[in-house]
Amino acid sequence: MKQILTERQRKLVGLAGELADEFGQRAEAHDLDGSFPFENYERMKQAGYLRVTVPEELGGLGATLPDLVLLQERLAQGCAATALAVNMHVSPVGQLASLWRINHDSKLERWLRDIADGKVINSTVSAEPGAPLLRHSNTKAVRVDGGYRITGKKIFGTGSSIMTHMSTLAQFDGPKGSEILMFRLSREEEGISILDTWHTLGMRATQSNDIVLDNVFVSDDSIFHRYPVGTLDGRMLQTVWGWAMPTFGATYLGVGAGALQRAKIDIKRFNKHDDPRVQALFGEMEILWESAHATLMVVAQEVWSGELFRQMSVQEGMSRVTMSKYVAANNAVAIVDKVMSVMGGGAYFLKSPYQRIYRDVRAALIQPWQNPDVVEIAGKTALGIEYAPEVPIPEEHIERLLRIGGRLAA
């Protein structure tokens, strides 16, 4: 599992590796207790990981999307729950950074500087019971003076234990039609409550509890994007989906890679590495990792460079980025299944670290986009069938992305 990295990437991955090795020592205890790893966040804050995707000129480490794929894959090899939870912060921050590089908005710059200074830990909370993710919402917005009143329930609130702010959405049914509103909220806003609902099979330490919004006021200034209900929005592809799908995939692939690396050590320690059947299983696992890792890196580079948006329609782009998560998630699950097979009955005991990894990686198939959704959009795209109406990315955004991607890659 050797990687060809630049010197800069080696330093960043080295940082993630140092953190992963430390967090791995605490992962079992947090899993058993179902406790949130606050000390891991303090360590990431000290090490600079919480500002890794903030542009360097604003006080961050300036990680690109391909960089973040590498980082998240390495971090997840230590503690899967910490890596998944922090992805809800570092990936959205990267999304905001990509927008700032385009528009140099002063309000967005202040937000990114606050993140670099450790004043803000953001969590993206979008999932709702019974609503297609980011295309419809059962959380309702009612127009009032100066903004909206928001009422609804969010599920899978990963990072809710540590967040100072949250990014989320609601549906506004107005006189000109229905639209999705994207906005930010302070955790301290009146009407926000977090429910103790996270009692799960795996990823227990993420504490991804439900969040209730009860008549919460959202000012007009807090809304950062809006688009028609039921559409595939190009700006969401450019930011949310373009960053989230490869980095979710990388996180779960890292869980599989961690199991594979641990198994290599144990198999040699047990002196089973000369068994041809064992060698065959390791060969299959290496191929699964290599193919998924290559897919993630190619798609991440296409998004980062802007070429995905120039050469593909919104639906084609959505099919491509969700495919990267699909490949990584399913390959990660397959790797861990093979690890359990090669390690034998000992891995089935609760004292074994493999059983925690086995439970954690199963969340890969629940994490959006789920397998049936990816297959549906891929099939329709292949056959030229519309999945949903598109809202294209403004041409000037694409041109700026291409210039920025080329300059930063030089």
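Analysis parameters
- Residues numbered from 1 in each chain as written.
- Predicted model: local features only at pLDDT ≥ 70, side-chain atom pairs only at ≥ 80, totals over all residues.
- Heavy atoms only, no water.
- Buried < 20%, exposed > 50% of the residue type's maximum accessible area, 1.4 Å probe, protein only.
- Helix = DSSP H or I, 4+ residues; strand = E, 2+ residues; numbered from the N terminus.
- Pairing = 2+ DSSP bridges.
- Salt bridge = Lys/Arg side-chain N within 4 Å of Asp/Glu carboxyl O.
- Expected span 1.5 Å × (residues − 1).
- Arc of directions from axis to C-beta.
- Contact = heavy atoms within 4.5 Å.
- 1 Å grid on protein atoms, 1.4 Å probe; cavity = no way out; pocket = protein on both sides within 12 Å on 5 of 7 lines; lining within 4 Å.
- Points joined across faces, edges and corners; volume = space filled by probe spheres on them.
- Core = buried A, V, L, I, M, F, W, Y, C linked by side-chain atoms within 4.5 Å.
- Axes fitted to C-alpha atoms, helices over the stretch in contact; angles between N-to-C directions.
- Parallel < 35°, antiparallel > 145°, perpendicular 65-115°, else oblique.
- Left-handed = near helix turned anticlockwise from the far one by under 90°.
- Nonpolar A, V, L, I, M, F, W, Y, C, P; charged D, E, K, R; others polar.
- Phe/Tyr/Trp six-rings, centres within 6.5 Å; stacked < 30°, edge-to-face > 60°.

Undergrad: Mind showing me how you'd approach the pairing of strand β4 (residues 165-174) here?
TA: For a regular strand, side chains alternate in direction, first toward one face of the sheet and then toward the other. Burial within β4 is extensive, with 9 of its 10 residues counted as buried. Where strand β2 (residues 140-144) and β4 come together, 2 bridges link them in parallel fashion. Looking at the pairing, Ala141 lines up with Phe172 of β4. Bridge analysis of β4 against strand β5 (residues 177-186) gives 10 bridges, and the strand direction is antiparallel.

Undergrad: When you look at the pattern of salt bridges in this model, what are you seeing that I'm missing?
TA: A side chain with one charge can pair with a side chain of the opposite charge if their charged atoms come near. Across all of its chains, the model carries 24 salt bridges by this definition. We note a salt bridge from Glu128 to Lys154, for which the minimum N-O separation is 2.4 Å. Taken together, the residues span a long stretch of sequence, with Glu128 in the loop between β1 (122-124) and β2 and Lys154 in strand β3 (residues 147-157) at a distance of 26 residues. Both residues of the pair, Glu128 and Lys154, belong to the buried class. Here Arg320 makes a salt bridge to Glu302, at a shortest N to O gap of 2.6 Å. Separated by 18 residues along the polypeptide, Arg320 in helix α9 (residues 314-343) and Glu302 in helix α7 (residues 276-305) bring together distant segments of the chain. On the basis of relative accessible area, Arg320 is assigned to the partly exposed category, the value being 25%. Beyond isolated ion pairs, a larger network of salt bridges with shared partners links Glu18, Glu22, Arg26, Glu39 and Arg43.

Undergrad: Would you take a moment to explain helix α11 (residues 371-382) for this structure?
TA: Residue pairs spaced three or four apart in an α-helix point in one direction, given the helix's 3.6 residues per turn. The end-to-end C-alpha distance of α11, which contains 12 residues, comes to 16 Å, matching closely the 16 Å that a straight helix rising 1.5 Å per residue would cover. Within the sequence span of α11, burial applies to Asn371, Val374 and Ile377. Taken end-on, α11 shows its buried residues confined to a sector of 140 degrees, consistent with a single buried face. In this fold, the buried residues of α11 make contact with β9 (232-233) and α9.

Undergrad: Help me out: how do you make sense of the layout of surface pockets in this one?
TA: To find the voids left in a structure, one rolls a probe of water-molecule size over its atoms. Its boundaries defined by the atoms lining it, the largest pocket holds a volume of some 860 Å³. When residues of the lining of the largest pocket are traced back to their parent elements, those giving at least two are α4 (80-103), β3 and α6 (234-269). Taken as a whole, the second largest pocket encloses approximately 600 Å³ of empty space. If you go around the second largest pocket, you meet 28 residues; those closest to its centre are Leu96, Leu99, Leu108, Arg184 and Phe224. Elements with a minimum of two residues in the lining of the second largest pocket: α4, α5 (106-116), β1, β5, β8 (223-228) and α6.

Undergrad: When you look at helix α3 (residues 65-75) in this model, what are you seeing that I'm missing?
TA: Burial within α3 is extensive, with 10 of its 11 residues counted as buried. Along α3, the residues classified as buried are Leu65, Pro66, Asp67, Leu68, Val69, Leu70, Leu71, Gln72, Glu73 and Leu75. The elements touched by buried residues of α3 are α1 (7-33), α2 (38-47), α4, α6 and α7.

Undergrad: Just to check I follow, could you spell out the pairing of strand β7 (residues 209-219) for this structure?
TA: Alignment of β3 against β7, held across 8 bridges, turns out to be antiparallel. Bridge assignment links Gly157 to a residue of β7, and that residue is Asn209.

Undergrad: Which parts of the structure should I look at to understand the nonpolar core?
TA: Where a protein is soluble and globular, its nonpolar side chains tend to be buried together. Tyr41, Met44, Tyr49 and Trp241 are the most contacted members of the largest nonpolar core, which has 104 residues in total. Of the residues forming this core, the biggest block, 17 residues, is contributed by α6. Ignoring anything within four residues of it in the chain, the contact list for Tyr41 reads Phe36, Leu50, Ala85, Val86, Ile121 and Ile162. Membership of the second largest hydrophobic core comes to 17 residues, among which are Ala141, Ile150, Leu185 and Val216.

Undergrad: In this structure, what is going on with the packing of α9 against helix α10 (residues 353-361)? I would like to understand it.
TA: Helix packing geometry: the angle between the two helix axes and the distance between the axes. Close contact between α9 and α10 brings their axes to 10 Å; oriented N to C, the two are set at 155 degrees. As judged from the angle between their axes, α9 and α10 are roughly antiparallel. Considering how the two elements wind past one another, α9 and α10 form a crossing that is left-handed. Residues Ala332, Val333, Val336, Asp337, Val339, Met340 and Met343 of α9 form the contact with α10, whose participating residues are Tyr354, Ile357, Tyr358 and Val361. Residue classes in the contact of α9 with α10 are distributed as 10 nonpolar, no polar and 1 charged.

Undergrad: It is not clear to me how the packing of aromatic side chains should be interpreted in this structure. Could you clarify?
TA: Think of a pair of aromatic rings as described by two things: how far the centres are apart, and how the planes are tilted against each other in angle. Scanning the model with the defined rule gives 7 aromatic pairs in all. Pairing Trp243 with Trp304 gives two aromatic rings, centres 6.3 Å apart and planes at 80 degrees, and the pair type is edge-to-face. Residue Trp243 is located in helix α6, and its partner Trp304 is located in helix α7; the two are separated by 61 residues in the primary sequence. Taking the relative accessible area as the measure of exposure, Trp304 reaches 9% and is therefore buried.

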